[in-house]
Amino acid sequence: MKKILALVISLSFVLLTAIADAKPIVIGVATDTQILDGFATIRGLNLAVEEINSAGGINVKGEKRPFKVEIMDTRDCEPGVPVSEALLVLEKIILDKGADFIIGPGRSEAALAALGLIANYKKIQLLTCGGLSPKFHGTIAENYDKYKYAFRITGESRYMVEEAMDLLGGLNSKYGINRMFVIVEDVAFARAGGEIASENLKKKGWEILGYERYPAGTSDFSAGLLKAKDAKAQILFVMGEMAELSILINQWNDMKIPALPFGNYLGPAMEPKFWQVTKGRAAYTIVNLVNAGNAPSNATPWTMKFCKAYEKKYGTEPEGYGTSSGYMAPYIIKDAVERAGTLDPDALVTAMEKTNLVGVYGRVRFDPKSHQIIPQLDPEKGAVGTIFQWQDGKRVVVYPPKIAMGEVKFPPWMMEYWKIKKK
Amino acid sequence: MNILVYGLINSLLLVLMALGFALAYSVSRVPNFTHGALYVLTGYLTWVFLNRLGLNYGLCIILSIASVTAMGWLIYQLTVIRVRGMPTSEIIVTFAISLAILEFLRWRGLRGATYVLPVFHLSTIHIYGVPVDAQRIIAVVITAVIVLALWLFTHYTKVGLGLRAIAQNERAALLLGIDSDRAATLALSLGSALAAIAAITILPMGNINVATGYDVLVSAIAVCICGGLGSWTGTILAGFVIGFAQMIVVYFIAPHLAMVVALAAVILILIFKPSGLFGRQKELEERV
């Protein structure tokens, strides 16, 4: 018994030493670490790296290698979107930190600008959050040979709008709701999302009563909210990630605007702390979290396992967009590297395109031309989104139906104003 | 009615934000570019006292205002006094300190939407059918009280009259035995206190973040330049002009042009009346 124990300990020591000595595979995270998407991604990623390294690392043709994470703040989500600074950081993380894989940057403007740089250095890029503009994967598809190293492992605004259409269509069938006012942050992805949603819903017979863009730093949304009220909107379609959108929700509740806020990406409202921060004024706000796993649900057997591991490590539920995709990034890289057996970028591109892995937010597969993760409403078939509603202090998943844990509710002042009843 | 009510509120909030900057400049002729940073610092300190030390909210407010006032005093005594009279250096020094404060707060993790201060009263009041949250009404009342208090201070107290004397004619005031440096120190400290009061009043409506520091500085400068650097009456009037102009643009044109209004106002004033609506600096050049 003692001999067996000694052998096990020696082998473990050798294994650990081998991993410790093995050249690490560097994941370079170039993202805005000051916003939720950024630091949630980093937390998810670090959790995955910890799990993978403690399980032995990545098997690269028989050699076990650990992951190493290098993080640099691009500040690309600041007002004015300093793209040039983000690109400098990206270049530094590649040249100085020796990154083998790149995560980020977040803002669409920066992510699009980064495609060229990534292509020059031939680094596999995984966009785990942000870069929601459809132009990202559109650009890859149009110039495949040049931009093939970039992959998006998260949703994008066009598909998020389709999910929103589906949920809103459901509200229309059930309750006769069909009047919408759009308020978006004045950034590329939000403008695109707001425009696409407006066009699509108009075709389905909805009335789009207004469209307003607010820049980062706005401290008063009264004009837009009062316009929505005067126009008798029933849905307030919101898109953006600036912290000031919490003021919008507070004012919406204070003014008792009889329209349901639908945040098809509403950055501050994603966090578990948002309820406390708004002193409960977030109640009834609907939020699209983009990927399952960013709030607890049973999308796949891995989803709750991830949520619990995250809560154990960080003392909070997954915090919002970027968490589950940040977590999945190292696993997707590991899967591709082990199948390719090499870190050669062209071989990795082929391996990534053949990814077929059931992860935290469903089956991970990529469109071979655009490298966009394939979305589905069924987690068995593709990557599943999550839309939740704040109800009684909890983030209750209400969409897609396959993973929903509750139904959409309306604020009492809205029910009274519109005399809402199920059809 | 929406435009009138919220235009009035937003104008007064602009005035509240700008008063500290106006006071500091009018007396000391020092453009205090730390104004925005001190505003955010007040919010952060209050948050720390409240959430990390568990102190009573009222006590947190008093401690924050006192700390930031002291900081204003220190900034003048340790740095600005050495470059007083050299306008470019004054701007560089104060802006550098502002950057240091704001980036320090960013490094300390001031980010996201979760750094918030509680509102003084959670309720909604209807003014001619327009719903307004109580915190905004309280902010309007506080602004009015501050303006009145400043007026009384500068018209009926010895110290206040001394500050006015320095603001009107520094050399004549010196001849009368009023210490210019002491007055400047007091002005900067009071200006910092006013920035702190603005922060305590306005920040509970939203959240505390680093970018606000730069926004507040730009707004304060825009209001003061339009009103006339050194003129408190001008500051108040310019606050209303810019506040209502912004509200009209937001309502009838587009919300994302609100900041453009403030900056356009600065450009127009500098072209047509560089001294500002009530300012006197360049009056002679304008007449000539």
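Residues numbered from 1 in each chain as written. Chains lettered and ligands numbered in written order. Predicted model: local features only at pLDDT ≥ 70, side-chain atom pairs only at ≥ 80, totals over all residues.

Student: What is the right way to read the overall build of chain A from this model?
Tutor: Along the backbone of chain A there are 15 helices and 16 strands. Computed over the C-alpha atoms, the radius of gyration of chain A is 22 Å, within 12% of the 22 Å expected from 2.2 N^0.38 for a compact globule of 423 residues. For chain A, the spread of C-alpha atoms along the three principal axes comes to 75 × 50 × 35 Å. Looking at the 423 residues of chain A, the share that counts as buried comes to 57%. Put simply, 70% of the contacts in chain A that link residues at least 6 apart link residues at least 24 apart. (Helix = DSSP H or I, 4+ residues; strand = E, 2+ residues; numbered from the N terminus. Rg over C-alpha atoms; globule rule 2.2 N^0.38 Å. Buried ≥ 20, exposed ≤ 12 C-beta atoms within 10 Å, placed from the backbone. Contact = placed C-beta atoms within 7 Å.)

Student: Would you mind going over the sheet that holds strand S8 (residues 179–185) of chain A with me for this structure?
Tutor: Backbone-to-backbone hydrogen bonds join strands into a sheet, with any given pair of strands oriented parallel or antiparallel. Residues and elements named next belong to chain A. The 7 strands lie next to each other as S9-S8-S10-S11-S12-S15-S16, forming an open sheet whose pairing is mixed. Each end of this open sheet is capped by a strand with a single partner; those strands are strand S9 (207–214) and strand S16 (394–399). Looking at each pair of strands side by side, their axes are set apart by 25° on average, direction ignored. By the bridge criterion, 5 bridges tie strand S15 (residues 387–391) to S16 in an arrangement that is antiparallel. From the neighbouring strand, Gln389 faces S16, where its bridge partner is Val396. The strands touched by helix H9 (residues 222–230) within the sheet are S8, S9 and strand S10 (235–240), with S9 carrying the most contacts at an inclination of about 175°. (Pairing = 2+ DSSP bridges. Axes fitted to C-alpha atoms, helices over the stretch in contact; angles between N-to-C directions.)

Student: Sorry if this is basic, but what is going on with unusual backbone geometry here?
Tutor: All names here are of chain A. A cis geometry characterises the amide bond from Gly104 onward to Pro105, with omega recorded as -5°. Positionally, Pro105 belongs in the loop between strand S5 (101–103) and helix H4 (108–121). Residues Tyr399 and Pro400 are joined by a peptide bond in cis, for which omega reads 0°. Here Pro400 shows up in the loop between S16 and helix H15 (412–418). Unlike most non-glycine residues, Lys122 shows phi in positive territory, near 50°.

Student: Mind showing me how you'd approach the interface of chain B and chain A here?
Tutor: A common way to express how large an interface is: the accessible area buried when the components associate. The partner chain A presents 32 residues to the 25 residues of chain B that form the contact. For the side of chain B that touches chain A, the secondary-structure elements that each account for two or more residues are helix H1 (2–28), strand S2 (130–133), helix H9 (210–227) and helix H10 (232–252) of chain B. Among the elements that make up the side of chain B that touches chain A, the one with the highest residue count is H1(B) (3 residues). Of the residues that constitute the side of chain B that touches chain A, the class distribution is 12 nonpolar, 9 polar and 4 charged. (Nonpolar A, V, L, I, M, F, W, Y, C, P; charged D, E, K, R; others polar.)

Student: Just checking my understanding: could you explain the domain arrangement of chain A for this structure?
Tutor: All names here are of chain A. Partitioning chain A into domains gives domain 1 (2–155 + 298–364) and domain 2 (158–289 + 392–418). Contact residues are listed per partner, giving 19 residues for domain 1 and 18 residues for domain 2. Of all the secondary structure elements, the ones that give two or more residues to the side of domain 1 that touches domain 2 are helix H2 (36–54) and H4. (Domains from an automatic or database assignment.)

Student: Even after reading the chapter, I still don't get the environment of Glu51(A), so can you show me in this structure?
Tutor: Residue and element names in this part refer to chain A. Counting through the fold element by element, Glu51 comes out in helix H2. On the basis of neighbour counts, which here come to 15 C-beta atoms within 10 Å, the residue Glu51 falls in the partly exposed class. Distance from Glu51 to Tyr331, taken between C-alpha atoms, is 9.7 Å for residues 280 residues apart in sequence.

Student: Please explain the sheet that holds S5(A) as it appears in this structure.
Tutor: All names here are of chain A. Spatially, S4-S1-S5-S6-S7 is the arrangement adopted by the 5 strands of the open sheet, whose pairing is parallel. Pairing within the sheet leaves two strands with one partner each, and these edge strands are strand S4 (67–73) and strand S7 (150–152). When the angles between neighbouring strand axes are averaged without regard to direction, this sheet yields 20°. Both strand S1 (residues 25–31) and S4 contribute to a ladder of 7 bridges, which runs parallel. Looking at S4, one finds that Ile27 is bridged to Val69. Contacting S1, S4 and S5, helix H3 (residues 83–95) crosses the sheet at an angle of about 170° to S1.

Student: Is there a simple way to think about the packing of helix H3 (residues 57–83) of chain B against helix H8 (residues 180–202) of chain B in this case?
Tutor: Geometrically, a packed helix pair is captured by the angle between its two axes and the distance between the axes. All names here are of chain B. H8 packs onto H3 with a crossing angle of 145° between their chain directions and a minimal axis gap of 8 Å. Here the hand of the crossing between H3 and H8 comes out right-handed. From H3, Ile61, Ser64, Ile65, Val68, Thr69, Met71, Gly72, Trp73, Ile75, Tyr76, Gln77 and Ile81 reach across to H8, where they touch Asp181, Ala184, Thr185, Leu188, Ser189, Gly191, Ser192, Ala193, Ala195, Ala196, Ile197 and Ile200. A per-class count over the contact of H3 with H8 returns 15 nonpolar, 8 polar and 1 charged. (Left-handed = near helix turned anticlockwise from the far one by under 90°.)

Student: What's the story with the nonpolar core in this structure? I'm lost.
Tutor: Most often, soluble globular proteins keep nonpolar side chains buried together rather than apart. Among the nonpolar cores identified, the biggest contains 231 residues, and Ile235(A), Leu236(A), Phe237(A), Leu16(B), Ala18(B), Ala187(B) and Cys224(B) are the most heavily contacted of them. Broken down by element, this core gets its largest block of residues, 17 residues, from H1(B). Counting residues domain by domain, this core receives three or more from each of domain 1 (2–155 + 298–364) and domain 2 (158–289 + 392–418) of chain A. (Core = buried A, V, L, I, M, F, W, Y, C linked by C-beta atoms within 7 Å.)

Student: What is the right way to read H3(A) from this model?
Tutor: Every α-helical turn comprises 3.6 residues, leaving residues that sit three or four positions apart pointing alike. Residues and elements named next belong to chain A. Helix length check: H3 (13 residues) gives 18 Å between terminal C-alpha atoms against 18 Å at 1.5 Å per residue, within 8%. Taken residue by residue, H3 has Ala86, Val89, Leu90, Ile93 and Ile94 as its buried positions. The buried residues of H3 all sit within an arc of 135° when viewed along its axis, so they share a single face. Along H3, the residues that are exposed and aim more than 90 degrees away from the buried face are Ser84 and Leu95. Buried residues along H3 sit in contact with S1, S4, S5 and H4. (Expected span 1.5 Å × (residues − 1). Arc of directions from axis to C-beta.)

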